[in-house]
Amino acid sequence: MPGLNRTRDTTLRARAEKVVPGGMWGHLHAAKLPDGYPQFFRRGEGGVLWDVDGNRYVDFMCSWGPNLLGHHHPEVEEAAERQRREGDCLNGPAEVMVELAELVVDMVGHADWTQFQKNGTDATTTCVTIARAATGRRKILVAKGAYHGAVPWCSPSLLGVTAEDRAHLAYFTFNDVESLEVAAKAAGDDLAGILISAYRHDLGLDQELPTVEFAHAARRICDDRGAALIIDEVRAGLRLNAAGSWEGLGVRPDLSAWSKAIANGYALAAVTGANWLRGAASQVFVTGSFWAGAVAMAAAVATLKIVRRDNVPSRLAQLGQMLREGLETRSRQFGVSIRQSGPAQMPTLLFDQDPAYRKGSAFCSAMLGRGVYFHPKHNMFLCAAHTEADIAEALQAAEHGFAVVAGL
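These figures come from a predicted structure and were not determined experimentally.

The rules we used
Residues numbered from 1 in each chain as written. Predicted model: local features only at pLDDT ≥ 70, side-chain atom pairs only at ≥ 80, totals over all residues. Heavy atoms only, no water. Core = buried A, V, L, I, M, F, W, Y, C linked by side-chain atoms within 4.5 Å. Buried < 20%, exposed > 50% of the residue type's maximum accessible area, 1.4 Å probe, protein only. Helix = DSSP H or I, 4+ residues; strand = E, 2+ residues; numbered from the N terminus. Contact = heavy atoms within 4.5 Å. Axes fitted to C-alpha atoms, helices over the stretch in contact; angles between N-to-C directions. Left-handed = near helix turned anticlockwise from the far one by under 90°. Nonpolar A, V, L, I, M, F, W, Y, C, P; charged D, E, K, R; others polar. Polar contact = N/O pair within 3.5 Å; in protein donor to acceptor, adjacent residues only side chain to side chain. Expected span 1.5 Å × (residues − 1). Pairing = 2+ DSSP bridges. Salt bridge = Lys/Arg side-chain N within 4 Å of Asp/Glu carboxyl O. Phe/Tyr/Trp six-rings, centres within 6.5 Å; stacked < 30°, edge-to-face > 60°. Lys NZ or Arg CZ within 6 Å of the ring centre and 35° of its normal.

Visitor: Would you mind going over the nonpolar core in detail, with residue names and values included?
Guide: Judged by nonpolar contacts, the single largest core of 101 residues is most densely connected at Phe60, Ile196, Leu327, Phe363 and Phe374. For this core, the leading source of residues is helix H8 (residues 294-310), giving 12 residues. Not counting residues up to four positions away in its chain, the partners in contact with Ile196 are His148, Phe172, Phe174, Phe214, Ala218, Leu229, Ile230, Ile231, Asp232 and Trp246. Ile140, Ala192, Ile230 and Ala257 belong to the second-largest nonpolar core, a separate cluster that totals 24 residues.

Put into structure tokens, the structure is as follows:
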């Protein structure tokens, strides 16, 4: 990227290539972003981060979701450090686990109990395992194109995956009640659960909030068939509604999977569930050496208390709407047609007539060059540390971005 120093990042990439396959893996691989994006970062503070070469960015990816309150939030860091001095990975959990579980059950609308893991894939897999154990059935319905993790049963890649890994998944179209009913009918008496993202956030597509009709249909089908309704809150959890993203729809799931934001960047995940699944949850064998890590749990206690105290979802919605309206106004000024979709707290910006994301990549590269970190096809994230000044800085950079796109 012209004007940005990339010396140290380039050196680190070359070193990594020798000892890490491909130099990096997974969704954090900068090779999947436009040219000029950094791979390595030095630090974050609030709504801003710096790469290893010292370039500063207003951060609208927020660590791909975990940064909810702001990088290095002082209250969260203080709580984590207090626990770190006492211990983290011990022979069993610390006292803080009970406090955190009580807090989660108190906050989440449907939760009668909770269990903790380390990342989102742990949580979604645990939900599916519990649903199958409780019902004695195998089939799980998932939306076509939905992302629920990175292990063989749900990975978006088929490399290294066998047909047997997916043998008991069946598919429906998000927000399509008829397709959901057809899939449930085909599953018959073997339906263990329906797994649905809090909203449709498929990569590179317009985002889609669930309709009331669809949400209630999913609840009805599960009730009629004795199956578990599972909501994947890994990406949206705490940004839309602290009590659960479907609370406003009047629908509560039987199970939900949480991660990313619940400990403001510390590695933690959670499964929350209804009482009828408590027995199965206590009997299945799901575990990990670091799942009871006390430091992340202490960070989560602090995070959840701040979310409740400061009404964080409302703050994020306000900031997100400011960004959304500003982008719409400026795109019109430059005669560039854009589409903004999904909740304002988790903005998605796509360009019309841009199937290969050429316009989106040019726009985001221009933004990056002016110190604003956007993504050309993934939903982005607001954090509570973002300020009106950060939004203004992003909109100023967007003017240059839209000018670049208009010139293509």
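Visitor: If you had to explain the packing of helix H3 (residues 96-107) against H8 to someone new, which residues and values would you point to?
Guide: Two elements in contact, H3 and H8, have axes separated by 9 Å at closest approach and are oriented at 30°. In the crossing of H3 with H8, the sense of the turn from one axis to the other is left-handed. Between H3, through Val96, Met97, Glu99, Leu100, Leu103, Val104, Asp106 and Met107, and H8, the contact on the second element is made entirely by Ala294, Met297, Ala298, Ala300, Val301, Leu304, Lys305, Val307 and Arg308. Among the residues forming the contact of H3 with H8, the class breakdown is 13 nonpolar, no polar and 4 charged.

Visitor: Kindly report on the environment of Arg332, identifying the contributing residues and their values.
Guide: Along the chain, Arg332 turns up in helix H9 (residues 312-333). With 124 residues separating them in the primary sequence, Arg332 and Glu208 have C-alpha atoms 23 Å apart. Of note is the side chain of Arg332, whose polar atom sits 2.9 Å from the side chain of Glu328.

Visitor: Describe in detail helix H6 (residues 212-225), supporting the description with residues and values.
Guide: With 14 residues, H6 should reach 20 Å at 1.5 Å per residue; the first-to-last C-alpha distance of 20 Å fits that figure. Within H6 the residues assigned to the buried category are Phe214, Ala215, Ala217, Ala218, Arg219, Ile221 and Cys222. Buried residues along H6 sit against strand S6 (169-172), helix H5 (177-187), strand S7 (191-197) and strand S8 (228-232). Once H6 ends, the next one or two residues include Gly226, with phi positive near 65°.

Visitor: Tell me about the pairing of S8, and name the residues and values.
Guide: Among the 5 residues in S8, 5 count as buried, and that is most of the element. Across the two faces of S8 the burial is the same, with Ala228, Ile230 and Asp232 and Leu229 and Ile231 all buried. Pairing geometry for S7 and S8, over 5 bridges, is parallel. Looking at S8, one finds that Gly193 is bridged to Ala228. Strand direction decides the pairing type here: S8 and strand S9 (residues 255-258), joined by 3 bridges, are parallel. By the bridge assignment, Asp232 is partnered in S9 with Ala257.

Visitor: Before we move on, can you summarise the pattern of salt bridges with the specific residues and values?
Guide: Overall, the coordinates contain 22 salt bridges when judged by the stated rule. The salt bridge involving Arg339 is made with Asp206; its shortest N-O contact spans 2.9 Å. Separated by 133 residues along the polypeptide, Arg339 in strand S11 (residues 338-341) and Asp206 in the loop between S7 and H6 bring together distant segments of the chain. For Asp206, a relative accessible area of 32% corresponds to the partly exposed category. Note that Asp223 is salt-bridged to Arg219, the shortest N-O span being 2.9 Å. Highlighted residues: Asp223 and Arg219, both in helix H6, separated by 4 residues, approximately one helical turn.

Visitor: I'd like a rundown of helix H10 (residues 358-369), residues and numbers included.
Guide: If you check H10, its first and last C-alpha atoms are 17 Å apart, about what 12 residues at 1.5 Å a residue would give, namely 16 Å. What H10 keeps buried is the set Gly360, Phe363, Cys364, Ser365, Ala366, Met367 and Leu368. Count one or two residues on from H10 and you reach Gly371, which has phi positive near 80°.

Visitor: Lay out the sheet that holds strand S3 (residues 56-59) in plain terms, naming residues and giving numbers.
Guide: Read from one edge of the open sheet, 4 strands run S1-S2-S3-S13, paired in mixed fashion. Of all the strands in the sheet, the pair left with one neighbour each is strand S1 (41-45) and strand S13 (372-373).

Visitor: I'd like a description of unusual backbone geometry, backed by residues and values.
Guide: The backbone of Leu238 sits at a positive phi, close to 80°, despite the residue not being glycine. Relative to the helices and strands, Leu238 is located in the loop between S8 and S9. Of the residues examined, Leu238 reaches a relative accessible area of 1% and is grouped as buried. In this structure, Gln353 takes a positive phi of about 50° despite not being glycine. Within the secondary structure, Gln353 sits in the loop between strand S12 (348-351) and H10. Classification of Gln353 as exposed rests on a relative accessible area of 73%.

Visitor: Can you tell me about the packing of aromatic side chains, naming the residues and giving the values?
Guide: Per the counting criterion, the structure on display carries 10 aromatic pairs. Here the aromatic rings of Phe172 and Phe214 are separated by 6.1 Å at their centres, their planes lie at 40°, and the arrangement is tilted. Highlighted residues: Phe172 in strand S6 and Phe214 in helix H6, separated in sequence by 42 residues. Both residues of the pair, Phe172 and Phe214, count as buried. A ring pair is formed by Phe363 and Phe374, whose centres lie 6.2 Å apart and whose planes are at 55°; its orientation type is tilted. Pair noted here: Phe363 is in helix H10 and Phe374 is in the loop between S13 and helix H11 (388-406), with a separation of 11 residues, a long-range link. The exposure class of Phe363 is buried, given its relative accessible area of 0%. The side chain of Arg43 reaches across the aromatic face of Trp50, ending 3.9 Å from its centre.

Visitor: A description of the sheet that holds S8 should follow, citing residues and the corresponding values.
Guide: Within the open sheet, the 7 strands sit side by side as S4-S10-S9-S8-S7-S5-S6. Their pairing is mixed. The open sheet has two free edges, formed respectively by strand S4 (113-117) and S6, since each of these has just one partner strand. Neighbour-to-neighbour, the strand axes of this sheet turn through a mean angle of 20°, independent of strand direction.

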